[in-house]
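# Coordinate analysis (summary)
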Amino acid sequence: MKVRVEQLNPIIGDFEGNLSGIFQALEKAEQDEVELLVLPELTVCGYLPMDLLERPAFLRANYQANRKVVEATSETAVLFGGVTKNTSDVGRKCFNSALLAHKGALIAEVHKTLLPTYDVFDELRYFEENTEFECVEFKGAQLGITICEDIWYNENDVQYHTYEINPAKELVELGADAIFNISASPFTKTKPASRQEMLQNHAKELNVPIFYANQVGANTELVSDGDSMVLDAKSNVIARAELFKEAHIDVEWDVEKKQVKNIGPPFATIPTKQEGIFRALVKGLQDYLGKTKISDKVILGLSGGIDSALVACIAKEALGQENVLAVTMPSEFSSKGSITDSVELASNLGIALDTLPVKSLYEEYLRVLKSKFKDTSFGVAEENLQSRIRGVLLMAISNKFGHMLVNTGNKSEMATGYCTLYGDMNGGLAIISDVYKTEVYDICHWLNKEFYQQEIIPNNILNKSPSAELRPDQKDADSLPNYDILDPILEAYIEKQLSSKEIIDLGFDESTVQKVLKMVDRNEYKRFQAVPGLKVSTKSFGTGRRWPLVQGWSSSEYR
């Protein structure tokens, strides 16, 4: 049997556009004499529609779109993801389902069993869960059909839930000749490797081939990498689709011998950590603008620092150099290198650069505030004024010319509150808000060495000490631990969710750990007001981290 596994990039709620992509995939599969086309989870409506699923009209549109896909099938059967109606009087209104259609008829409708309710997922809010298992017969083969979380049975990067039911094992015990899994699994920097390991463990344990189709593309903060693959019964990866693009893989499946043979495009490889994060952020920005239609151009503040340099590179690769406007806004505290390095970077990338000095504006603000600030010393208020002036200028240009302002703050800054509300926290999308400062440096070094293979990001930017340059001779290290110490503490606390004692036991100084954890906890109010950020870690700030603003818990005190 010739099977094609294809990863599509749907837009949430764009039924017309999503159906067009499905029909094109189906038409091409027919031309190539594919017998079974496998598409990702919720391909019809996009993943995850969230509270759109509470709208009766949205549900009706899903059901109508499902029928159109079924009716469009001919010789090629298609297994695709869609929302289906719960006809029972009990439970939630709908299911997250996999539908198998062939020759204009619906052969089977299989519902998702394991509905994740952790991190960014909240499927039990909307979907009724499956409680019965049955294989689906197609051309003499018994298909064991599962949906996303069903295949991740107790093997997630972070194990929030321990499930009693293993859907894939249940289906194999019922006679499944292979496991088919349709997914909308978001990317994280560890996901490609952990996903492969998880699928190999299943194939090895169950002794059947596994067909895995994953969504590609970004919807708001979630970026799905695709990475669709087919494994044989011995856990060998036989075919793998390229990450971060719409693509397909073809295999020949010998049902009786449990063998699969790659007959499709070249085998894709797992990117390095730096490449994976970079490509995810490029795709995230592309789809955020492309799907929302907010703009096709962006503006960013270029400070001469490493963070804005990385964001400029991402924007240029995502949108093209002609669609990126950088603005440098020197003050009396800006070093000469901040300006010259910004000019050199913009020239190397071929992006436009404007210079708007803020010294006179800053002085005018201080003049107006002089009587109010009388007999006080220079402090955070004066520092943040500069950031807010810059934010006003960037937003003014954004409003006037329609460029979306992109935020350049990294995860280390967001975690510790080393950022200014209504200043450098302005923007429509926080591109690197889930990337630690040390990772920013790693990616920039990788860009010069591997991606550009030349010095696009000036060495001066790579080698200078990080500074906000809001007062004389300011360095980040004046108020923060060195990033090679800070970032592992943050990762242990935010992503691994270790206690202060557990982090100290890893070898970190106790007073440093207590200081860092207090900074994280005390700055939740800032993150609550932050713009959406692209997720690339197992625990990012945003919808996946629900922390109460008003609370009496101090993580630095409880061990």
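The shown structure was predicted, so the numbers you read here are calculated from the model rather than taken from an experiment.

Conventions used here
Numbering of residues starts from 1 in every chain and runs along the sequence as written. Given that this is a predicted model, residues contribute local features only at a pLDDT of at least 70 and side-chain atom pairs are listed and counted only at 80 or more, while totals for whole chains, interfaces and linings are drawn from all residues. With hydrogens and water stripped out, all remaining heavy atoms of the structure feed into the side-chain values. Going along the chain from the N terminus, every DSSP run of H or I of four or more residues is numbered as a helix, and every run of E of two or more is numbered as a strand. The buried label goes to any residue with under 20% of its type's maximum accessible area, the exposed label to any with over 50%, and the partly exposed label to all in between, with areas taken from a 1.4 Å probe on protein chains only. Contacts are assigned to residue pairs that have any heavy atoms within 4.5 Å of one another. Two strands pair if DSSP finds at least two bridges between them. Here a Phe, Tyr or Trp ring, Trp counted by its six-membered ring, pairs with any other such ring whose centre lies within 6.5 Å, and the pair is stacked when the planes are under 30 degrees apart, edge-to-face when over 60, and tilted otherwise. Whether a charge sits over a ring depends on NZ of Lys or CZ of Arg being within 6 Å of the ring centre and within 35 degrees of the ring normal. Orientation is described by axes fitted as lines to C-alpha atoms, over the contacting stretch for helices, and by angles from 0 to 180 degrees between their N-to-C directions. Throughout, nonpolar core names a set of buried Ala, Val, Leu, Ile, Met, Phe, Trp, Tyr and Cys residues whose side chains join them through atoms within 4.5 Å. Two joining distances apply to patches: 9 Å for like charges and 5 Å for nonpolar side chains (Val, Leu, Ile, Met, Phe, Trp, Tyr), and every residue must have over 30% relative accessible area and no salt bridge. For the accessible areas, the method is Shrake-Rupley and the probe is 1.4 Å, while residue cover comes only from the protein chains on display. Each salt bridge in this description consists of a side-chain nitrogen of Lys or Arg and a carboxyl oxygen of Asp or Glu lying within 4 Å of one another. Method remark: on a 1 Å grid restricted to protein atoms, a set of points is classed as a cavity if a 1.4 Å probe fits but cannot get out and as a pocket if it is open with protein on both sides within 12 Å along at least five of seven lines; lining residues have an atom within 4 Å of a point. Grid points are joined across faces, edges and corners, and a volume is the space filled by probe spheres set on the points. Polar contact criterion, stated in full: a pair of N or O atoms within 3.5 Å, where within protein one must be able to donate a hydrogen and the other to accept it, and residues adjacent in sequence count only if both atoms are side-chain atoms.

Structurally, Ile-485 can be placed in helix H13 (residues 483-494). Among the residues examined, Ile-485 registers a relative accessible area of 36% and is labelled partly exposed. Residues Ile-485 and Phe-451, spaced 34 residues apart in sequence, show a C-alpha to C-alpha distance of 28 Å. With residues up to four places along the chain from it excluded, the contact list for Ile-485 reads Phe-508 and Thr-512.

Time to look at the pairing of strand E13 (residues 237-240). Across three bridges, strand E12 (residues 229-231) lies against E13 in antiparallel orientation. Looking at the pairing, Val-230 lines up with Ala-239 of E13. Where E12 folds back on E13, the antiparallel hairpin that results is connected by five residues, among which Ser-235 adopts a positive phi of roughly 80°.

Turning our attention to the packing of aromatic side chains. Scanning the entire structure with this criterion turns up ten aromatic pairs. A ring pair is formed by Phe-278 and Trp-446, whose centres lie 5.8 Å apart and whose planes are at 55°; its orientation type is tilted. Here Phe-278 is found in helix H5 (residues 273-292), whereas its partner Trp-446 is found in helix H11 (residues 437-451), with 168 residues between them in sequence. The exposure class assigned to Phe-278 is buried, which follows from its relative accessible area of 2%. Taken together, Phe-278, Trp-446, Phe-451 and Tyr-452 form an aromatic cluster joined through their ring pairs. Here Arg-527 stacks its cationic end above the ring of Phe-541, 4.6 Å away from the centre of that ring.

This brings us to the sheet that holds E13. If you walk across this open sheet you meet the six strands as E6-E7-E8-E9-E12-E13, and the pairing is mixed. The sheet is open, and its two edges are formed by strand E6 (136-138) and E13, each paired on a single side. Strand-to-strand twist in this sheet, taken as the mean axis angle between neighbours without regard to direction, amounts to 20°. With respect to the sheet, helix H4 (residues 191-206) is in contact with strand E8 (178-183), strand E9 (210-214), E12 and E13, its orientation differing from that of E9 by roughly 155°.

Here we take up the nonpolar core. For soluble globular proteins, the rule of thumb is that nonpolar side chains tend to be buried together. Leu-285 and Ile-431 are the most contacted members of the largest nonpolar core, which has 51 residues in total. Those elements giving two or more residues to this core turn out to be H5, strand E16 (298-301), helix H6 (306-319), strand E17 (324-328), helix H7 (336-349), strand E19 (404-407), H11 and helix H12 (459-463). A total of ten residues in this core trace back to one element, the largest contributor, which is H6. By size, the runner-up hydrophobic cluster in this structure holds 38 residues, among which are Ile-22, Ala-25, Phe-58 and Ala-65.

Once that is clear, we can look at a nonpolar patch on the surface. Taken together, the side chains of Tyr-525, Phe-528, Leu-549 and Val-550 make up a nonpolar region of the molecular surface, amounting to roughly 480 Å² of accessible area. Within the secondary structure, Leu-549 is located in the segment after helix H16 (524-528).

Let's shift gears to unusual backbone geometry. Residue Tyr-47 is joined to Leu-48 through a cis peptide bond whose omega torsion reads -10°. Tracing the sequence through the fold places Leu-48 in the loop between strand E2 (36-38) and helix H2 (56-72). Its identity as a non-glycine residue notwithstanding, Phe-244 has a phi of 65°, on the positive side. Note on placement: Phe-244 falls in the loop between E13 and strand E14 (247-254). With a relative accessible area of 7%, Phe-244 lands in the buried category. With a phi angle near 60°, Gln-497 is a residue other than glycine that sits in the positive phi range. Looking at the secondary structure, you find Gln-497 in the loop between H13 and helix H14 (500-505).

Applying the stated rule across the entire model yields three cavities of 30 Å³ or more. What the largest cavity holds in volume is close to 260 Å³. In terms of lining residues, the largest cavity is bounded by 21 residues, among which Tyr-118, Asp-119, Phe-121, Asn-156 and Lys-191 are the most central.

This part covers the environment of Ser-511. Within the secondary structure, Ser-511 is located in helix H15 (residues 510-522). As for Ser-511 and Gln-386, which are separated by 125 residues in sequence, their C-alpha atoms are 31 Å apart. Engagement of the side chain of Ser-511 in a polar contact is seen with the side chain of Asp-509, the distance being 2.4 Å.

Turning our eyes to something else, we now look at the pattern of salt bridges. With the rule as written, the count across this model stands at 30 salt bridges. A salt bridge links Lys-273 to Glu-439, with the nearest nitrogen and oxygen atoms 3.2 Å apart. Remark: Glu-439 occurs in helix H11 and Lys-273 occurs in helix H5; sequence separation between them is 166 residues. Judged by relative accessible area, which is 39%, Lys-273 ranks as partly exposed. For the salt bridge of Lys-501 with Asp-505, the shortest nitrogen-to-oxygen distance reads 2.9 Å. Taken together, the residues Lys-501 and Asp-505, both in helix H14 and four residues apart, mark about one turn of the helix. Relative accessible area serves as the criterion here: at 40%, Lys-501 is assigned to the partly exposed category. Taken together, the shared-partner salt bridges in this structure form one network comprising Arg-4, Lys-28, Asp-32 and Asp-250.

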